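This is what each chain is made of:
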Amino acid sequence: MNMSLSKSNIKILLFIAAVAILGLTYLYVFKDNMSDADSIQSEVDTLQTRYDELMVKQQDREMYEEKTAEYNQKFNERLAYFPATLDQEISVMFIKGVEKDQGNLQFGVNSVGLGQPESFYSLSAAASADVASNDATTADSTAADADSTADTALAAGDYQCLTAAFPIVYEGSYEGIKDFIDYIMAYKYRMNISSVNISYDSQSDTYTGSIALNAYCISGGGREADTVDVDVPEGVSNIFLGGSGAATVQTSSHDAGQGEDIASDHDILIGLNNANGDSSDGIIVSAGADKVSSTANSVETVALSITEEDGKNMVEVKLGDESYSFELTDSELTIYVESSDRVDSDDKNGVKLNVTNGTSVPVYVKVAGDDASAPRFALGSKTGTVKVY
């Protein structure tokens with residue numbers, strides 16, 4: 001009896017153990033596997049959806065690649081408007097390059113401030129993507145836009161946009177100032193002029209003032225800075241005369257008497273008198289029977305040019321709209337300026353002599369009787385050898 005009861009208990013215990021094993025298997029094995037299966041199925045569904053989307057895009061893969069290349073090209077084209085750095089060596093050579101001494105194009109920089117570059121905008125990959133996504137309005141879907149702009153962003157990299165101020169104090173002619181502004185507007189890199197101040201001196205017919213110039217650069221992204229050659233020839237016998245392209249030391253027979261002999265023997269005579277007088281024109285520039293004159297009570301420009309034509313040295317004299325020319329048979333050109341004191345504050349006439357000499361003929365000028373406090377005569381631009389006594 002006891003033996004039979006013991007077997008029943010064993011069966012019951014075995015049943016309970018089987019149920020427990022099944023329960024534990026369900027809780028810790030089957031249920032976890034079912035949860036993992038659901039998670040995997042959900043991931044499969046997500047990947048399948050993404051796969052289906054990409055397969056649709058794959059049909060337009062060529063278009064997306066063309067758009068990506070197009071936007072990268074546009075980005076690089078805009079980037080090329082700006083240098084990689086604003087090194088002071090490059091800035092100095094740029095300022096030196098704007099100075100001119102060419103006829104009526106006169107522009108000289110008296111001083112310039114080399115401002116330190118300051119960052120004003122960070123063009124990061126995210127910013128590049130935003131810019132590109134605005135341009136990518138022709139793409140077929142938002143997802144395609146994202147892919148295209150992401151590639152553009154990777155190509156763009158991280159950039160820093162910087163600016164520097166270059167305040168310039170200048171002196172020159174009106175045409176020279178306009179030429180400088182045109183040069184800035186057409187320069188290969190983006191610059192702008194925020195303000196221009198101009199003052200006119202009627203006595204010397206020169207313009208002075210200041211210009212606020214702003215320059216920009218974009219650094220980073222592996223961009224390489226411009227290079228500049230600042231090497232210059234060294235070693236001259238005279239620091240004021242000599243060296244490549246400089247004038248050579250010349251002596252003249254006029255030096256001994258400081259040009260007094262030019263008064264009696266000269267090729268061109270310039271007469272400067274009170275423009276408000278009745279005796280003659282205020283400005284007369286004559287060579288023999290040829291003459292140009294002006295009654296304007298202001299500083300006028302006399303343009304003198306010497307050129308070689310068919311083996312002959314030809315001289316042209318121009319005053320306003322009038323001009324004449326003659327052949328120079330001598331080995332030098334002499335000019336006698338017969339000036340006079342100013343009568344009063346209303347007496348403002350005078351001349352600025354610009355000499356353009358494309359020959360080896362020297363030009364000697366003797367000025368006599370000029371007003372010491374307010375001279376009527378001034379030497380403007382010149383090429384070649386020009387000496388004033």
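What you see is a predicted model; the values in this text were computed from it and never measured.

S.K.: How do you make sense of the overall build of the protein chain when you look at a structure like this?
M.R.: From N to C terminus, the protein chain includes 6 helices and 17 strands. Per-residue burial over the protein chain gives 31% buried out of 389 residues. At a minimum sequence separation of 6, the contacts of the protein chain that also span at least 24 residues come to 73%. A total of about 23,500 Å² of accessible surface is found on the protein chain, and carbon and sulfur atoms cover 52% of it.

S.K.: Even after reading the chapter, I still don't get the pattern of salt bridges, so can you show me in this structure?
M.R.: When their charged atoms lie close together, side chains carrying opposite charge are able to pair. Per the stated rule, a full pass over the model turns up 9 salt bridges. As a salt-bridge pair, Asp255 and Lys387 come within 3.0 Å of each other at their nearest N and O atoms. Of this pair, Asp255 sits in the loop between strand E6 (206-220) and strand E7 (268-272) while Lys387 is found in strand E17 (residues 386-388), placing the two residues 132 residues apart along the sequence. Connected via shared salt-bridge partners are Lys67, Glu70 and Lys74.

S.K.: Looking at this structure, how should I read the sheet that holds E7?
M.R.: Strand pairing in a sheet takes place through backbone hydrogen bonds and is either antiparallel or parallel in direction. The strand order across the open sheet formed by 6 strands is E9-E8-E7-E13-E15-E17, and the pairing between neighbours is mixed. Looking at strand neighbours, the two that pair on one side only are strand E9 (290-294) and E17, the edges of this open sheet. Between one strand and the next, the sheet's axes are offset by a mean angle of 15°, whatever the strand orientation. Bridge count for E7 against strand E8 (residues 283-287) is 4 bridges, and the pairing is antiparallel. In the sheet register, Leu272 faces E8, and the bridge partner there is Ile283.

S.K.: So what exactly am I meant to see when it comes to the sheet that holds strand E12 (residues 322-328) here?
M.R.: Strand order in the open sheet made by the 5 strands is E12-E11-E10-E14-E16, with mixed pairing throughout. The sheet terminates laterally at E12 and strand E16 (377-382), the two strands that pair on one side only. Sheet twist, expressed as the mean angle between neighbouring strand axes with direction ignored, is 20°.

S.K.: What's the story with the nonpolar core in this structure? I'm lost.
M.R.: Nonpolar side chains tend to gather and get buried jointly when the protein is soluble and globular. Within the largest apolar cluster, 28 residues are counted, with the highest numbers of intra-cluster contacts made by Ile268, Val285, Leu304, Val315, Val317, Leu333 and Ile335. Those elements giving two or more residues to this core turn out to be E7, E8, strand E10 (299-309), strand E11 (312-319), E12, strand E13 (333-338), strand E14 (350-357) and strand E15 (363-368).

S.K.: What am I meant to see in the side chain of Thr334 here?
M.R.: Relative to the assigned elements, Thr334 resides in strand E13. Excluding residues within four positions of it along the chain, Thr334 makes contact with His254, Ile262, Asp265, His266, Asp267, Ile268 and Tyr364.

S.K.: Sorry if this is basic, but what is going on with the confidence of the model for the protein chain here?
M.R.: As a general rule, the predicted coordinates of low-pLDDT regions are not to be interpreted in detail. Averaged over all residues, the pLDDT of the protein chain is 80; the fraction at 70 or higher stands at 80%. Considering only residues more than four positions removed or in separate chains, one finds that residues 125-156, a stretch of pLDDT under 50, has 44 contacts.

S.K.: Help me understand the packing of aromatic side chains, please; the structure alone is not making it clear to me.
M.R.: Tallied over the full model, the rule gives 12 aromatic pairs. Where Tyr187 meets Tyr189, the ring centres are 6.1 Å apart and the plane angle is 75°; that geometry is what we call edge-to-face. Judged by relative accessible area, Tyr187 falls into the partly exposed class, the value being 21%. Both rings, one in Tyr364 and one in Tyr389, keep their centres 6.4 Å apart while their planes meet at 25°; by these two values the pair is stacked. In this pair, Tyr364 is assigned in strand E15 and Tyr389 in the segment after E17, connecting sequence segments 25 residues apart. Residue Tyr364 is classed as buried on the basis of its relative accessible area of 4%. The structure contains a cluster of three or more aromatic residues connected by ring pairs, namely Phe94, Tyr183, Tyr187 and Tyr189.

S.K.: Is there a simple way to explain helix H6 (residues 174-185) in this structure?
M.R.: In an α-helix, one full turn covers 3.6 residues, which means residues spaced three or four apart are oriented alike. For H6, which comprises 12 residues, the first-to-last C-alpha distance of 17 Å matches the rise-based estimate of 16 Å (1.5 Å per residue) to within 8%. Within the span of H6, buried status applies to Gly176, Ile177, Phe180 and Ile184. For H6, the buried positions fall inside an angular range of 100° around the axis, keeping them on one side. Facing away from the buried side of H6 by over 90 degrees, the exposed positions are Asp182 and Met185.

S.K.: Whenever I open this one, unusual backbone geometry confuses me. Can you help?
M.R.: Both trends apply: most residues other than glycine have a negative phi, and most peptide bonds are in trans. Phi at Gln258 is positive, roughly 55°, even though this residue is not glycine. Relative to the helices and strands, Gln258 is located in the loop between E6 and E7.

S.K.: Is there a simple way to explain a nonpolar patch on the surface in this structure?
M.R.: Residues Ile12, Leu13, Phe15, Ile16 and Val19 make up a contiguous nonpolar surface patch of about 520 Å² in total accessible area. Within the secondary structure, Ile16 sits in helix H1 (residues 2-58).

S.K.: Would you explain the state of the cysteines in this entry?
M.R.: Disulfides are covalent bonds that connect the sulfur atoms of two cysteines. Applying the stated criterion to the full structure yields 0 disulfides. A disulfide-free cysteine, Cys161 has its sulfur positioned 8.4 Å from the sulfur of Cys217, the nearest such atom. Exposure remark for Cys161: the relative accessible area of 9% places this residue in the buried category. A residue is classified by how much of its surface remains accessible, and Cys217, at 3% relative accessible area, is buried.

S.K.: Looking at this model, I keep getting lost on the side chain of Asn349. Mind explaining?
M.R.: Position of Asn349 relative to the elements: it lies in the loop between E13 and E14. Looking at Asn349, its side chain comes within polar contact range of the main-chain oxygen of Asn273, at 2.9 Å. Every residue in contact with Asn349, bar those within four places of it in the chain, is listed here: Asn273, Asn274, Ala275, Gly282, Ile283, Ala296, Asn297, Ser298, Arg342 and Arg376.

S.K.: Help me understand the pairing of E9 in this model?
M.R.: Sheet faces and side chains relate simply in a regular strand, where the side chains alternate between the two faces. Relative to E9, E8 runs antiparallel, the two sharing 5 bridges. By the bridge assignment for E9, Ser286 is matched with Lys291. Taking the residues between adjacent antiparallel strands as the criterion, E8 and E9 are bridged by 2 residues, where Gly288 takes a positive phi near 65°.

Cut-offs used in this document
Per chain, the residues get numbers from 1 upward, laid out in the order the sequence is written. Where local features are concerned, this predicted model is filtered to residues with pLDDT of at least 70; where side-chain atom pairs are given and counted, the filter is 80 or more; whole-chain, interface and lining totals use all residues. Excluded from the side-chain calculation are hydrogens and water; included are all heavy atoms of the structure. Only DSSP runs of H or I with at least four residues qualify as helices, and only runs of E with at least two residues qualify as strands; both kinds are numbered from the N terminus onward. Using a 1.4 Å probe on the protein chains alone, a residue whose accessible area is under 20% of its type maximum counts as buried, one over 50% counts as exposed, and one in between counts as partly exposed. By the convention used here, residues are in contact when the closest approach between their heavy atoms is within 4.5 Å. A 1.4 Å probe and the Shrake-Rupley method give the accessible areas. Residues count as covered only by the protein chains that appear here. In the sections that follow, a salt bridge refers to a side-chain nitrogen of Lys or Arg positioned within 4 Å of a carboxyl oxygen of Asp or Glu. Think of it this way: DSSP has to see at least two bridges between two strands before they count as a pair. Every axis in this analysis is a line fitted to C-alpha atoms, fitted for helices over the stretch in contact. Angles between the N-to-C directions lie between 0 and 180 degrees. Residues grouped as a nonpolar core are buried Ala, Val, Leu, Ile, Met, Phe, Trp, Tyr and Cys residues, joined through side-chain atoms within 4.5 Å. Residue-level confidence of the predictor is summarised by pLDDT, bounded by 0 at the bottom and 100 at the top. We call Phe, Tyr and Trp rings a pair once their centres come within 6.5 Å, taking the six-membered ring for Trp, and we label the pair stacked below 30 degrees between planes, edge-to-face above 60, and tilted otherwise. By this rule, a helix spans an expected 1.5 Å times one less than how many residues it contains. This arc corresponds to the set of directions leading from the helix axis out to the C-beta atoms. Residues with no salt bridge and a relative accessible area higher than 30% make up the patches, which join like charges within 9 Å and nonpolar side chains (Val, Leu, Ile, Met, Phe, Trp, Tyr) within 5 Å. The disulfide criterion is simple: two cysteine sulfur atoms within 2.5 Å. In protein, a polar contact means a hydrogen-donor-capable atom and an acceptor-capable atom, both N or O and within 3.5 Å, with residues adjacent in sequence counting only if both atoms are side-chain atoms; elsewhere, any N or O pair within 3.5 Å suffices.

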